[in-house]
Amino acid sequence: MTGQDKQAEQDKRTGRLIVFEGADGCGKTTQLRHCYDWLRAQRFPQAPDSSQIILTQEPGATALGRTLRRILLTPPEGDEGVEPTAELLLYAADRAQHVQHILKPKLAQGCWILCDRHIDSTVAYQGFGRGLDQSLIQQLNSIATVGLVSDLTLWLDLPVEVSRSRLATRGQADGLRSAPQDRMERLGLDFHHRVHQGFEWLAGQYPERIVRVDASGSEAEVARRVQQMICDRLGLPPNSPHPNPT
Ligand code: TMP
């Protein structure tokens, strides 16, 4: 497909793809849910019916993806570990399935999609974190997405030490001891610093698509920043905040 064809395809769709990215423990999934509630409650004239505002995630949104997510996040039995290239290919496989079975058809129906992670996680985690070849990652991202790019990607930025300590205490508010960390979360501080550098690099490289959102402060404060950014970037009327986040 030529660049012009890709652009034409992009212009034809009426849906919107809004991606939330960031480090483990940055509050991304919580904010995605607040944003979903807010968008559904706002009834912006440009937005579709609330049933057409949907949530999805990578990895793990499709039937195949749910199996891949389990494999990716649970350490496999045995002591051979997971090769970084095998990990990269599994994330790419999840994405290819997600794009064809959820993202493209839903965008073509005019849905507004809020997606928890997409291509930039691969650049940050497998590229910067694991040190895999960036041109290979770009190639795989482009094969898996068939040229589909987000309308807006929000990078929820939090200092690495803060997101790590949030992860360490996750679950304690519910009276649980800290929740077990998954295979990726368990990687060391250096790895997560490199991932953070990756997101920083991406935001500088693609300012037309990726915006940094300060993820420090209360849930309500971050939710308002997210809403403001979406209104500004998608040309929505001035924002009235959703009352719920505390
Ligand atoms: P989640 O906990 O935000 O759902 O993400 C699952 C983990 O997978 C998280 O640690 C980030 C990681 N990941 C990658 O390493 N590469 C990717 O391409 C994606 C989508 C996620």
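All values reported here derive from a predicted model rather than from experimental measurement.

Conventions used here
Residues numbered from 1 in each chain as written. Predicted model: local features only at pLDDT ≥ 70, side-chain atom pairs only at ≥ 80, totals over all residues. Heavy atoms only, no water. Salt bridge = Lys/Arg side-chain N within 4 Å of Asp/Glu carboxyl O. Helix = DSSP H or I, 4+ residues; strand = E, 2+ residues; numbered from the N terminus. Buried < 20%, exposed > 50% of the residue type's maximum accessible area, 1.4 Å probe, protein only. Core = buried A, V, L, I, M, F, W, Y, C linked by side-chain atoms within 4.5 Å. Contact = heavy atoms within 4.5 Å. Pairing = 2+ DSSP bridges.

**Topic: the pattern of salt bridges**
Inspection of the entire model under this criterion finds eight salt bridges. Across the pair R117 and E21 runs a salt bridge whose closest N-O atoms are separated by 3.9 Å. In this pair, R117 is assigned in the loop between β3 (112-116) and α5 (119-129) and E21 in strand β1 (residues 16-22), connecting sequence segments 96 residues apart. Each member of the pair, R117 as well as E21, carries the same accessibility label: buried. One network of salt bridges, in which partners are shared, links E21, D24 and R117.

**Topic: the nonpolar core**
Membership of the largest hydrophobic core comes to 26 residues, with the highest contact counts inside it found for F20, L154 and I230. Counting residues per element, the ones that place at least two in this core are β1, α2 (28-42), β3, β4 (152-157), β5 (210-214) and α9 (219-234). With sequence-adjacent residues up to four places away left out, F20 is seen in contact with K28, Q31, L32, C35, L114, C115, D116, R117, L154, L156 and V226. Counting residues in hydrophobic clusters, the runner-up holds 19 residues, among them A92, V123, A124 and F191.

**Looking at the pairing of β4**
Across the six residues of β4, six count as buried, placing the element largely inside the fold. By the alternation rule, side chains of β4 split into L152, L154 and L156 and T153, W155 and D157, which are all buried. Both β1 and β4 contribute to a ladder of five bridges, which runs parallel. Note that in β4 the partner of V19 across the bridge is T153. Here β4 runs beside β5; their pairing, made up of five bridges, is parallel. Counterpart to L156 in the pairing with β5 is V213.

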